[in-house]
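Notes for the structure review
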Amino acid sequence: MNNKALSESRQLMQYISDAIGTIRDPQELFRTVTDKLRLIFSFDSAVIVTIDKDRRHISVFFEMLRFEVPEELRRQKRRIVGTWIEQHLDDRAVTTVSLERDLPEAGDQDSPLLRTLYELGMRQLVLSPLRSGGQVIGFLNFVSRVEQKWGESDRELLAGVSSSIAVAVSNALAYEELRQREAETAMQLAVNNALLTINDRSMMMMAVCEQISKLVPCFFLGIRVIGNDGKFRIFDNFMREPGQSFIPFSPLEKLDIAGDERIVREGAEVLSRPGVYSGSRFDELCGEFRLVAMVRDSFSIRTTMIVQLWDLPGSRAGLIISGTDSDFGEAELATVRLIVPQLALALQNYLAFDEIDRLRRKLEGERTYLVEEIRAAHNFEEIIGNSAPLAAVLRRVSQVAPTDATVLIQGETGTGKELIARAIHNLSPRKERVLVRVNCAALPASLIESELFGHERGSFTGATDRRIGKFELADGGTIFLDEIGELPLELQAKMLRVLQERELERIGGRQVIPVDVRVIAATNRDLEREIAAGRFREDLFFRLNAFPLSLPSLRERRDDIPVLALHFAQKYAREFGRPVRAIRDSDIRELTSRDWKGNIRELSHCVEQAVILSEGETLDFSSVLTSRTEGVVPAPQAAPMTLHDFDEEVRVMERKLILDALDRAGGRVSGDGGAAELLEINAKTLYSRIDKLGIRKRYSG
């Protein structure tokens, strides 16, 4: 090196040392240094690259280019293994690479970059290793259009300059690492704050997305929790729109594959592959999972990381994070893993509280229904009689009760269908769980779906809170669907699905809820005629009619009427605080000979009135039972009103008042504006009167 070159070298070294000591911004520093280097060395463009600590990836640290590189080649982070730069990792001296000579040998994965440089007119690369602590931490690269000869003095000068630049790069990397650690700590604190202060899960996860994207720029974040039955307990997805924040969205709906069960199952299987997927690994993942390939093609995804949150016997969970710009690596994965413990704990707590809330609501509902359960001292305590037709029915009840078979009870109004349903439940293995009764005829058509299957908060006007439906409430027990023939045709398909699949979805909900329910249905309609008339689905009938039970009318079991009359006489005497009175033989014969179109219910009401009106030693049915004398022509003059006539008029007026109130209340019995409120009586009392009066009309308003 001549004196002039030595002087220039010293001046350059001093200039670089001064710049390193005074310029704080790394990009400004290396831009200034590069401009100065251009005065001594001949090159067109300059790039500084750094190598990570595990020597697996190389990253662009600084670049000053005078040509345009295609976007797909401007990856900021690239794997080293298998690339042309791998052979230079241990270089100690400046190396020159001739693109003209070495290009044909560039068959590795970085050959597109070398070929692109060649096509842009570049002919030479100069690599000057940047060493710190005895190890190469990166390279100062010159790219030239003209292939030049680098003499020993030029190489020594560039090596000396590179030593100073290595110090500056090392300092910048150390500062960047410190800044990264501070940013990661800030992210952890911000995520922790969001998890502790935000109750809404969607809002909480959007806040987590924003914090993650500050350190790991991403386009999409999905969170999955899968139960041991393979079904999703949480399936949340968030996407960042250009220049905006993250928003919730459904990839299955956007891709129009919401009903494709195989694709949905793939979403669960992907969680079993935690790791980072970029480049060829991402392509392999797309080849294995059609869903990932569809997301890639629709949203231009190029890299994905799958992070496991937990894998426990009851469930497993994970995050899926995808990007469209730069590839993810182990550093990004390590950053996300910093928040895994606190995020996993928050989600597990959320699921636990959600389950506790569900069980609380279920127990509250069960408590309401427990008062309706019959806990018989023996099997058929409330089913009175010993006639042959009744004995045949009870024999079939004993046979079907221990099973989980669906039972369809058919019989006239007042034949005791609910008592038979309760007997089946109480003789079954489910007797310790709740029996839920649903009167399909008493529910307005607009509310029956919500009553049966439940709804989510905000799913329709007035849905101010989540509500558990009767099927979900009966989970583990029995549901009794009374008057099933009154179920609206449009709901029969949904009922069929619940009976077939043993699962349901609340109105406005996306989660499929499995239910373990024994179904008993009852009707006083001829369902086969209803099917012929197009008012009842044949497939639903076959599903319900797995084990049919036909209850005999009271006319078919007249031998039981004396026993039933005595039973009701004792029951109402206790209830009303009256003495237990005997029934005269003549009245027993009269009771036995009547047709009883209202069956047991009509007989019960008849005896109830006699208990109330009687004053002597025996029950007086004279004003209750009408004369059965045939052939008597009524006198044309008005007959005096009997107590029975008066009682009947009262019943007619009471029925009319209740029907009018139900019409004004749109079919609702309880709650604000319900019929009970309009009539200023207790809702339970009104339900009792509706049942006693035999009101079965449907209201839809």
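Let's shift gears to the overall build of the protein. Tallying secondary structure elements over the protein gives 25 helices and 19 strands in all. Out of the 701 residues in the protein, the part that is buried amounts to 46%. Once local pairs closer than 6 in sequence are excluded, the contacts in the protein between residues at least 24 apart make up 68%. Accessible area of the protein: about 35800 Å², with a carbon and sulfur share of 50%.

On to unusual backbone geometry. Located in the positive-phi region is Ser 300, a residue other than glycine, with phi close to 60 degrees. Looking at the element boundaries, Ser 300 is found in the loop between helix 10 (290–299) and strand 11 (303–311). By relative accessible area, Ser 300 is classed as exposed at 54%. The phi dihedral of Arg 502 is positive, around 55 degrees, even though this residue is not glycine. Among the structural elements, Arg 502 can be located in the loop between helix 17 (489–501) and strand 16 (503–504).

So, about the pattern of salt bridges. Enumeration according to the criterion identifies 22 salt bridges in this entry. The residue Arg 240 makes a salt bridge to Glu 210 at a minimum N-O spacing of 3.2 Å. Taken as a pair, Arg 240 in strand 8 (residues 232–240) and Glu 210 in helix 6 (residues 201–215) lie far apart in primary sequence, 30 residues in all. Assessed through its relative accessible area of 24%, Arg 240 is described here as partly exposed. On the basis of relative accessible area, Glu 210 is assigned to the partly exposed category, the value being 21%. A salt bridge links Asp 482 to Arg 437; the shortest N-O distance between them is 3.2 Å. Residue Asp 482 is found in strand 15 (residues 478–482), and its partner Arg 437 is found in strand 14 (residues 435–439); the two are separated by 45 residues along the sequence. The exposure class assigned to Arg 437 is partly exposed, which follows from its relative accessible area of 21%.

If you look at the biggest cluster of nonpolar residues, it comprises 37 residues, and the most contacted ones within it are Met 305 and Leu 309. Counting only elements with at least two residues in this core, the list comes to helix 5 (152–197), helix 6, strand 7 (220–227), strand 8, strand 11, strand 12 (315–323), helix 11 (330–337) and helix 12 (340–370). In terms of residue count, helix 6 provides more of this core than any other element does, 7 residues in total. The contacts of Leu 309, once residues within four sequence positions are left out, are Ile 223, Ala 317, Gly 318, Leu 319, Val 340, Leu 343, Ala 344 and Leu 347.

Another aspect to go through is the side chain of Glu 472. Inspection of the secondary structure puts Glu 472 in helix 16 (residues 470–473). For Glu 472, the side chain forms a polar contact with the side chain of Arg 506, separated by 2.7 Å.

The geometry of helix 20 (residues 561–576) relative to helix 21 (residues 585–593) is characterised by a closest axis approach of 9 Å and an angle of 115 degrees between their N-to-C directions. Helix 20 and helix 21 meet at a crossing whose hand is right-handed. On the side of helix 20, the interface is formed by Ile 561, Pro 562 and Ala 565, while helix 21 contributes Ile 588, Leu 591 and Thr 592. For the contact of helix 20 with helix 21, a count of residues per class yields 5 nonpolar, 1 polar and no charged.

Read across the open sheet, the 6 strands follow the order 9-8-7-12-11-10; overall the sheet is antiparallel. Lying at the two open borders of the sheet, with one neighbouring strand each, are strand 9 (246–248) and strand 10 (275–278). Sheet twist, expressed as the mean angle between neighbouring strand axes with direction ignored, is 15 degrees. Strands strand 7, strand 8, strand 9 and strand 12 of the sheet are contacted by helix 6, whose axis makes an angle of about 50 degrees with strand 8.

Taken in spatial order, the 5 strands line up as 14-15-18-13-19 in an open sheet, and their pairing is parallel. Of all the strands in the sheet, the pair left with one neighbour each is strand 14 and strand 19 (547–550). Strand-to-strand twist in this sheet, taken as the mean axis angle between neighbours without regard to direction, amounts to 20 degrees. Direction of pairing for strand 13 (residues 407–410) relative to strand 18 (residues 518–523): parallel, over a ladder of 4 bridges. Within strand 18, the position partnered with Gln 410 by the bridge is Thr 523.

What follows is about the pairing of strand 11. Counting buried positions along strand 11 yields 7 of 9 residues, so the element is predominantly enclosed. In the sheet, strand 10 pairs with strand 11 via 4 bridges, with the strands oriented antiparallel. Opposite Val 276, over in strand 11, you have Met 305 as the bridge partner. Relative to strand 12, strand 11 runs antiparallel, the two sharing 8 bridges. In the strand pairing of strand 12, Ile 306 is matched with Ile 320. Two successive antiparallel strands, strand 11 and strand 12, enclose a turn made up of 3 residues.

This next bit is on the side chain of Thr 415. Note on placement: Thr 415 falls in the loop between strand 13 and helix 14 (417–426). Residue classification places Thr 415 among the buried residues on the basis of a relative accessible area of 5%. One polar contact links the side chain of Thr 415 to the main-chain carbonyl oxygen of Glu 412, over a distance of 2.7 Å. Those residues in contact with Thr 415 that lie beyond four places of it in its chain are Leu 551, Pro 552, Ser 553, Asn 599 and Ile 600.

On to the confidence of the model for the protein. Mean pLDDT for the protein: 80, with 85% of residues reaching 70 or above. Contacts from residues 368–379, a stretch scored under 50 in pLDDT, to residues over four places away or in other chains number 23 contacts. In this model residues 627–643 is a low-confidence stretch, pLDDT under 50, and it forms 8 contacts with partners more than four residues away in sequence or in other chains.

Using the criterion set out here, one finds 10 aromatic pairs in the structure. Between Tyr 572 and Phe 576 the ring centres are 5.8 Å apart and the planes differ by 15 degrees, which places this aromatic pair in the stacked class. In this pair, Tyr 572 and Phe 576 are both assigned in helix 20, 4 residues apart and thus about one turn of the helix distant. The buried category is assigned to Tyr 572, whose relative accessible area is 5%. Assessed through its relative accessible area of 31%, Phe 576 is described here as partly exposed. In this arrangement the basic side chain of Arg 224 is found over the ring face of Phe 235, its NZ or CZ atom lying 4.0 Å from the centre.

Let us now look at helix 6. Structurally, the α-helix is built with 3.6 residues per turn, so residues lying three or four positions apart point the same way. With 15 residues, helix 6 should cover 21 Å at 1.5 Å per step; its first-to-last C-alpha distance of 22 Å lies within 8% of that length. What helix 6 keeps buried is the set Arg 201, Met 204, Met 205, Met 206, Val 208, Cys 209, Gln 211, Ile 212, Ser 213 and Leu 215.

What counts and what doesn't
Residues numbered from 1 in each chain as written. Predicted model: local features only at pLDDT ≥ 70, side-chain atom pairs only at ≥ 80, totals over all residues. Heavy atoms only, no water. Helix = DSSP H or I, 4+ residues; strand = E, 2+ residues; numbered from the N terminus. Buried < 20%, exposed > 50% of the residue type's maximum accessible area, 1.4 Å probe, protein only. Contact = heavy atoms within 4.5 Å. Areas by Shrake-Rupley, 256 points an atom, 1.4 Å probe, with all protein chains shown as cover. Salt bridge = Lys/Arg side-chain N within 4 Å of Asp/Glu carboxyl O. Core = buried A, V, L, I, M, F, W, Y, C linked by side-chain atoms within 4.5 Å. Polar contact = N/O pair within 3.5 Å; in protein donor to acceptor, adjacent residues only side chain to side chain. Axes fitted to C-alpha atoms, helices over the stretch in contact; angles between N-to-C directions. Left-handed = near helix turned anticlockwise from the far one by under 90°. Nonpolar A, V, L, I, M, F, W, Y, C, P; charged D, E, K, R; others polar. Pairing = 2+ DSSP bridges. pLDDT = per-residue confidence, 0-100. Phe/Tyr/Trp six-rings, centres within 6.5 Å; stacked < 30°, edge-to-face > 60°. Lys NZ or Arg CZ within 6 Å of the ring centre and 35° of its normal. Expected span 1.5 Å × (residues − 1).

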